[in-house]
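Understanding the architecture of this molecule
What follows is each chain in one-letter form.
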Amino acid sequence: MKTPEVLCRAERLAKHVKGPGGRLTILNQLDLEIRAGEAVAIVGASGSGKSTLLGLLAGLDQASSGSVELCGAPLETLDEDGRAALRGGRVGFVFQSFQLLPTLTALENVLLPLELRAANNGAAPRDAKATALDALQRVGLSARSGHYPRQLSGGEQQRVAIARAFAPGPRILFADEPTGNLDQATGARIIDLLFALRQDSGAALVLVTHDNALAERCDRRLGMHDGHLEALP
């Protein structure tokens with residue numbers, strides 16, 4: 001059986017920041033591989049560096065040292081525009097705080113990455129609206145496509161954010177505490193939705209979470225401690 005492709009690889013990854021007492025090490029010589037199709041949960045105490053790691057893996061932040069290869073491209077060789085172009089269509093991101101644009105409707109929020117991908121490729125956003133409407137239908141929000149974020153509940157906003165992340169057909173999706181701002185019942189529905197869409201799309205899923213129910217659904221669980229990752233049972 002063929003070994004799945006490595007979609008994301010971090011080697012000797014480090015992140016340091018300046019604090020009142022001097023240099024603070026958040027990540028320390030960390031190594032990690034994420035393969036196509038797998039779901040990986042990253043757990044650990046608040047402030048342990050989990051969200052920092054996710055941002056580095058997705059190219060949203062830059063490491064102090066070490067390297068990250070994402071979808072075959074070394075991120076340290078790319079500028080901000082290059083990293084954005086790499087993410088377009090291949091990488092999705094779901095935030096705890098949803099990060100929907102308040103002046104755009106649900107449909108327009110889902111359309112945005114599709115239009116940006118088309119612009120980066122120098123092409124018209126062919127069938128982008130149909131793709132966005134299909135993504136909203138898959139998360140059960142067809143009837144809310146014309147509503148603005150302020151008109152949606154927290155669970156509905158997160159479903160729009162998930163539709164936006166999956167609409168371009170990413171190969172890998174990063175999610176930072178995707179159930180953190182939701183009540184338990186709504187969070188459980190979001191978990192089911194994430195894994196159903198992952199099953200349909202075949203995308204790899206990398207989750208930072210405090211939610212044990214979510215972590216236990218993953219193929220692997222990794223614990224963050226002192227800037228390192230260790231495999232958990």
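These numbers come from a predicted model, not from an experiment.

**Quick notes on the sheet that holds strand S8 (residues 204–208)**
Through backbone hydrogen bonds, the strands of a sheet pair up, either in parallel or in antiparallel fashion. Strand order in the open sheet formed by six strands is S6-S7-S8-S3-S9-S10, with mixed pairing between adjacent strands. Two strands lie at the open edges of the sheet, namely strand S6 (91–94) and strand S10 (228–232), each paired on one side alone. The mean inter-strand angle of the sheet, taken between neighbouring strand axes irrespective of direction, is 20°. Bridging between strand S3 (residues 39–43) and S8 involves four bridges; their strand directions are parallel. Bridge pairing in S8 places Ala39 opposite Leu205. Sitting on the sheet, helix H5 (residues 154–166) touches S6 and strand S7 (172–176), and the angle it makes with S6 is about 170°. Across the sheet, helix H6 (residues 184–201) is in contact with S3 and S8; its angle to S8 comes to roughly 155°.

**A closer look at the nonpolar core**
The biggest cluster of nonpolar side chains holds 40 residues, and the ones touching the most others in it are Val110, Leu136, Val160, Ile162, Phe195 and Leu207. Contributions of two or more residues to this core are made by S3, helix H3 (106–120), helix H4 (128–138), H5, S7, H6, S8 and helix H7 (212–215). Not counting residues within four places of it along the chain, the set of residues in contact with Phe195 comprises Ala39, Leu205, Leu207, Leu214, Arg217 and Cys218. If you look at the next biggest cluster of nonpolar residues, it comprises 32 residues, including Leu7, Ile34, Ala58 and Phe174.

**What to know about the sheet that holds strand S2 (residues 22–35)**
Spatially, four strands are ordered S2-S1-S4-S5 in an open sheet, and the strand pairing comes out antiparallel. Each edge of the sheet is formed by a strand with only one pairing partner; in this case those strands are S2 and strand S5 (73–74). The pairing of strand S1 (residues 6–19) with strand S4 (residues 65–70) spans five bridges and is classified as antiparallel. The residue of S4 that forms the bridge with Ala10 is Val68.

**Some thoughts on the environment of Leu112**
By secondary structure assignment, the location of Leu112 is in helix H3. Residue classification places Leu112 among the partly exposed residues on the basis of a relative accessible area of 27%. With 82 residues separating them along the chain, Leu112 and Leu194 place their C-alpha atoms 20 Å apart. Dropping the residues within four chain positions of it, Leu112 is found in contact with Leu101 and Leu104.

**Things to note about H5**
Here H5 contains 13 residues, and its C-alpha end-to-end distance of 18 Å stays within 8% of the 18 Å for a straight helix at 1.5 Å per residue. Counting buried positions along H5 gives eleven out of 13 residues, so the element sits mostly inside the fold.

**Observations concerning H4**
Turning to H4, its buried residues are Ala128, Ala132, Ala135 and Leu136. Around the axis of H4, the buried residues are gathered within 100° of arc, so they sit on the same side. One or two residues past the end of H4 sits Gly140, with phi positive at roughly 75°.

**Side note on the side chain of Lys15**
Along the chain, Lys15 turns up in strand S1. Judged by its relative accessible area of 13%, Lys15 is buried. Reaching out from Lys15, the side chain makes a polar contact with the backbone oxygen of Gln62 at a distance of 2.7 Å.

**Points about the environment of Leu222**
Position of Leu222 relative to the elements: it lies in strand S9 (residues 220–225). Placed ten residues apart in sequence, Leu222 and Leu232 show a C-alpha to C-alpha distance of 5.5 Å. Apart from the residues lying within four places of it in its own chain, the contact partners of Leu222 are Leu32, Val40, Ala41, Ile42, Val43, Leu229, Glu230, Ala231 and Leu232.

**Quick word on the pairing of S8**
For S8, the buried fraction is high: five of the five residues fall into the buried class. Side chains Ala204, Val206 and Val208 project from S8 onto one buried face, and the interleaved Leu205 and Leu207 project onto a second face that is buried too. Direction of pairing for S7 relative to S8: parallel, over a ladder of five bridges. Paired with Asp176 across the two strands is Val208, which belongs to S8. Tracing the backbone out of S7, into H6 and back to the parallel element S8 gives a crossover that is right-handed.

**Considering the pairing of S6**
Judged by which residues are buried, S6 turns out to be covered on both faces: Val91 and Phe93 on one side and Gly92 and Val94 on the other are all buried. Of the pairings in the sheet, the one linking S6 to S7 comprises four bridges and is parallel in character. Opposite Gly92, over in S7, you have Leu173 as the bridge partner.

Criteria and thresholds
Residues numbered from 1 in each chain as written. Predicted model: local features only at pLDDT ≥ 70, side-chain atom pairs only at ≥ 80, totals over all residues. Heavy atoms only, no water. Pairing = 2+ DSSP bridges. Helix = DSSP H or I, 4+ residues; strand = E, 2+ residues; numbered from the N terminus. Axes fitted to C-alpha atoms, helices over the stretch in contact; angles between N-to-C directions. Contact = heavy atoms within 4.5 Å. Core = buried A, V, L, I, M, F, W, Y, C linked by side-chain atoms within 4.5 Å. Buried < 20%, exposed > 50% of the residue type's maximum accessible area, 1.4 Å probe, protein only. Expected span 1.5 Å × (residues − 1). Arc of directions from axis to C-beta. Polar contact = N/O pair within 3.5 Å; in protein donor to acceptor, adjacent residues only side chain to side chain. Right-handed = clockwise from strand over helix to strand, strands pointing away.

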